[in-house]
Amino acid sequence: MDSEIAFDNSPRFRIFKNGRIERLVPETFVPPSLNHENGVVSKDAVYSPEKNLSLRIYLPQKSVDDTGARKIPLLVYFHGGAFIMETAFCPIYHTFLTSAVSTADCIAVSVDYRRAPEHPIPILYEDSWDAIQWIFTHIAGSGPEHWLNKHADFSNVFLAGDSAGANIAHHMAIRAEKEKLSPENFKISGMILFHPYFLSKALIDKMEVGAMRYFESLWRIASPDSENGVEDPWINVVGSDLTGLGCGRVLVMVAGNDVLARGGWSYAAELKKCGWLGKVEVMETKDEGHVFHLRNPDSDNARRLLQNFAEFLKDETR
């Protein structure tokens, strides 16, 4: 039984019938650095000692050099990987967050969380919420991390993520509103969802392609105890009540060759008609696939995507 394979996703990972996962891609840890890369410095911090969970903080070097107390937008980012792969400290996310902070002139917190199948849904949502709460302990300027105390503008907070991380960002925005996270009771300013991982039976039936069934299989691995499969509200967010989304603006990024794009479009359409009082816009990159900007960060389309992201953070009139 230990050697019987239940799901083979080579060359990325294999799941065995006893629940064990074999991650076939080496998980490289990129260390943080106080020697700036692309004008950005970084450091790690533990947000949950009892669970041994950390996050990475990115800050523009010019903010470190500034003798004043200039406040800049705060970006809270959740990495993707189908809830199964990747970490906040791997090369693609260190590279992306460094570029994002450099382009947008913000302070960013990249959250690491425990992954499925060892830690099935909804554990990773609870980890992510713990990180959100830890971050907001700095709102009065007296938290454990100096960079957040000094530089984070808590009146200008954005949540973001790609793929599964975009799914997490959505649920954090819902919970932040439900639990009135901030004592000042202001909404999170905005949310940026890069190629969000949203599924439903209706979306899968419309597409009828193998790739959608693949993403459905990944969800069942991440959430083996779900009785509703892709109708589970954790993944079928479009079928859920979106009126309580706790932010004022949303930017949904979709890619023309990504089968998950339909979920992003449907999410934006539902936000417009459900009674949510914010503003949503969609940016489509044609002829590109899922999270292309992470796989090929030096491409023209990746640079345009990053620039649009930065403009969204900076432009409160959008």
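The shown structure was predicted, so the numbers you read here are calculated from the model rather than taken from an experiment.

Caption draft 1: Quick look at the nonpolar core. One finds Leu74, Phe83, Met191, Tyr197, Val250 and Tyr267 to be the most contacted residues of the largest nonpolar core, which totals 78 residues. Ignoring sequence-local partners within four residues, the contact set of Val250 consists of Met191, Leu245, Tyr267, Leu271, Trp276, Lys279, Val280, Glu281 and Phe312. Ranked by size, the runner-up nonpolar core spans 31 residues in total, among them Phe96, Met253, Ala255 and Met283.

Caption draft 2: Local environment of the sheet that holds strand β3 (residues 21–23). One open sheet holds the 3 strands; their spatial order is β1-β2-β3, and the pairing between them is antiparallel. Every other strand in the sheet has two partners, leaving β1 (5–9) and β3 as the edge strands with one partner each. Going across the sheet, the axis of each strand differs from the next one's by a mean of 10°, ignoring polarity. Relative to strand β2 (residues 13–16), β1 runs antiparallel, the two sharing 4 bridges. Within the sheet, the bridge partner assigned to Phe7 lies in β2 and is Ile15. Where helix α7 (residues 210–222) meets the sheet, its contacts fall on β1 and β2, and the angle it forms with β1 comes to roughly 130°.

Caption draft 3: Structural detail: the packing of aromatic side chains. For the structure on display, the rule yields 16 aromatic pairs. An angle of 50° between the planes, with centres 5.9 Å apart, marks the rings of Phe194 and Phe309 as tilted. Here the residue Phe194 occupies a position in strand β9 (residues 188–194), and Phe309 occupies one in helix α10 (residues 300–314), the gap between them amounting to 115 residues. An identical accessibility class is assigned to Phe194 and Phe309; each is buried. Among the aromatic residues, ring-to-ring pairing joins Phe83, Tyr125, Tyr197, Tyr214, Phe215, Trp219 and Trp234 into one connected group. In this arrangement the basic side chain of Arg56 is found over the ring face of Phe29, its NZ or CZ atom lying 5.3 Å from the centre.

Caption draft 4: Highlighting the side chain of Asp153. Summarising the element assignment, Asp153 is placed in strand β8 (residues 152–162). Buried Asp153, no salt bridge; nearest opposite-charge side chain is Lys71, N-O distance 7.3 Å. Non-local contacts of Asp153, meaning those with residues more than four positions away in its chain, are made with Lys71, Ile72, Pro73 and Leu74.

Caption draft 5: Here's a closer look at unusual backbone geometry. Cis geometry marks the peptide bond from Ser10 to Pro11; its omega dihedral reads 10°. Take Pro11: it is sitting in the loop between β1 and β2. In this chain, Ile121 is followed by Pro122 through a cis amide linkage whose omega measures 10°. By the element assignment, Pro122 lies in the loop between β7 (107–111) and α3 (123–136). Phi at Ser163 takes a positive value of approximately 55°, unusual for a residue other than glycine.

Caption draft 6: Spotlight on α10. Compared with an ideal rise of 1.5 Å per residue, which puts 15 residues at 21 Å, α10 spans 21 Å between its outermost C-alpha atoms and is within 8% of the ideal. Of the residues making up α10, those classed as buried are Asn301, Ala302, Leu305, Leu306, Asn308, Phe309, Ala310, Phe312 and Leu313.

Caption draft 7: Spotlight on the state of the cysteines. Scanning the entire structure with this criterion turns up 0 disulfides. For Cys106, which is in no disulfide, the shortest distance to another cysteine sulfur is to Cys247 and amounts to 16 Å. Here Cys247 is not disulfide-linked; the sulfur of Cys274 is the nearest cysteine sulfur, at 11 Å.

Caption draft 8: Geometry of the packing of α3 against helix α5 (residues 164–178). As a packed pair, α3 and α5 sit with axes 10 Å apart at the nearest point and diverge in direction by 60°. With respect to each other, α3 and α5 are oriented oblique. α3 and α5 meet at a crossing whose hand is right-handed. When α3 is examined against α5, the residues Leu124, Tyr125, Glu126, Ser128, Trp129 and Ile132 are found in contact with a partner set consisting of Asn167, Ile168, His171, Met172, Arg175 and Ala176. Looking at the contact of α3 with α5, its residues break down into 7 nonpolar, 3 polar and 2 charged.

Caption draft 9: Looking closely at the pattern of salt bridges. In this structure the tally under the stated criterion is 22 salt bridges. Here Glu22 makes a salt bridge to Arg14, at a shortest N to O gap of 2.9 Å. Classification of Glu22 as partly exposed rests on a relative accessible area of 27%. We note a salt bridge from Lys180 to Glu177, for which the minimum N-O separation is 3.1 Å. Residue classification places Lys180 among the partly exposed positions, given a relative accessible area of 44%. Several salt bridges share partner residues, and in doing so they unite Lys201, Asp205, Arg213, Glu216 and Arg220 into one network.

Caption draft 10: Up close: the sheet that holds strand β11 (residues 279–285). The mixed open sheet is built from 8 strands, whose spatial order is β4-β5-β7-β6-β8-β9-β10-β11. Sheet topology places β4 (40–48) and β11 at the edges, where each strand pairs with a single neighbour. Averaged over all pairs of adjacent strands, the angle between strand axes in this sheet comes to 20°, irrespective of strand direction. Against the sheet, α5 makes contact with β6 (72–78), β8 and β9, and its axis sits at roughly 140° relative to β8, the strand it touches most.

Scoring rules and cut-offs
Residues numbered from 1 in each chain as written. Predicted model: local features only at pLDDT ≥ 70, side-chain atom pairs only at ≥ 80, totals over all residues. Heavy atoms only, no water. Core = buried A, V, L, I, M, F, W, Y, C linked by side-chain atoms within 4.5 Å. Buried < 20%, exposed > 50% of the residue type's maximum accessible area, 1.4 Å probe, protein only. Contact = heavy atoms within 4.5 Å. Pairing = 2+ DSSP bridges. Helix = DSSP H or I, 4+ residues; strand = E, 2+ residues; numbered from the N terminus. Axes fitted to C-alpha atoms, helices over the stretch in contact; angles between N-to-C directions. Phe/Tyr/Trp six-rings, centres within 6.5 Å; stacked < 30°, edge-to-face > 60°. Lys NZ or Arg CZ within 6 Å of the ring centre and 35° of its normal. Lys, Arg positive; Asp, Glu negative; His and termini not counted. Salt bridge = Lys/Arg side-chain N within 4 Å of Asp/Glu carboxyl O. Expected span 1.5 Å × (residues − 1). Disulfide = S-S within 2.5 Å. Parallel < 35°, antiparallel > 145°, perpendicular 65-115°, else oblique. Left-handed = near helix turned anticlockwise from the far one by under 90°. Nonpolar A, V, L, I, M, F, W, Y, C, P; charged D, E, K, R; others polar.

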